[in-house]
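Understanding the architecture of this molecule
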Amino acid sequence: MEAHTLKTMDSLRPEMMSSMQRDMQKNLPIEANHLHGALLALASNRNMSYPILETVYARLKDLSSACLLKPLK
């Protein structure tokens, strides 16, 4: 399975973007709360800490706020 995943990743074109990245480029709300926030809520319910996920989530919220404040091009 790992080889298949790597082959798939290698076949992606450089201009490929995630839906979250496309949303940010269009100044649309991103799904960070639904994806990363939900994972952090699950971790919190189990008294677990995921500092990398927490950092990514905080950064996405910052980026999302900045994107929504600038005018559309």
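Basis of the calculations
Residues numbered from 1 in each chain as written. Predicted model: local features only at pLDDT ≥ 70, side-chain atom pairs only at ≥ 80, totals over all residues. Heavy atoms only, no water. Helix = DSSP H or I, 4+ residues; strand = E, 2+ residues; numbered from the N terminus. Rg over C-alpha atoms; globule rule 2.2 N^0.38 Å. Buried < 20%, exposed > 50% of the residue type's maximum accessible area, 1.4 Å probe, protein only. Areas by Shrake-Rupley, 256 points an atom, 1.4 Å probe, with all protein chains shown as cover. Lys, Arg positive; Asp, Glu negative; His and termini not counted. Charge placed at Lys NZ, Arg CZ, Asp CG, Glu CD. Polar contact = N/O pair within 3.5 Å; in protein donor to acceptor, adjacent residues only side chain to side chain.

Moving on, we come to the overall build of the chain. Looking only at helices and strands, the chain features four helices and zero strands. Here the chain has a C-alpha radius of gyration of 15 Å; the compact-globule value for 73 residues is 11 Å, and the former is much larger. Dimensions along the principal axes, computed over C-alpha positions, put the chain at roughly 40 × 40 × 15 Å. Across the 73 residues that make up the chain, the buried fraction comes to 21%. Surface exposure of the chain reaches about 6,200 Å², of which carbon and sulfur atoms provide 61%. Distance from the positive charge centre (9 side chains) to the negative charge centre (7 side chains) of the chain: 6 Å.

Note on placement: T55 falls in helix 4 (residues 51–69). Under the relative-accessibility criterion, T55 is labelled exposed at 54%. Here the side chain of T55 touches P51 through a polar contact of 2.8 Å, landing on its backbone oxygen.

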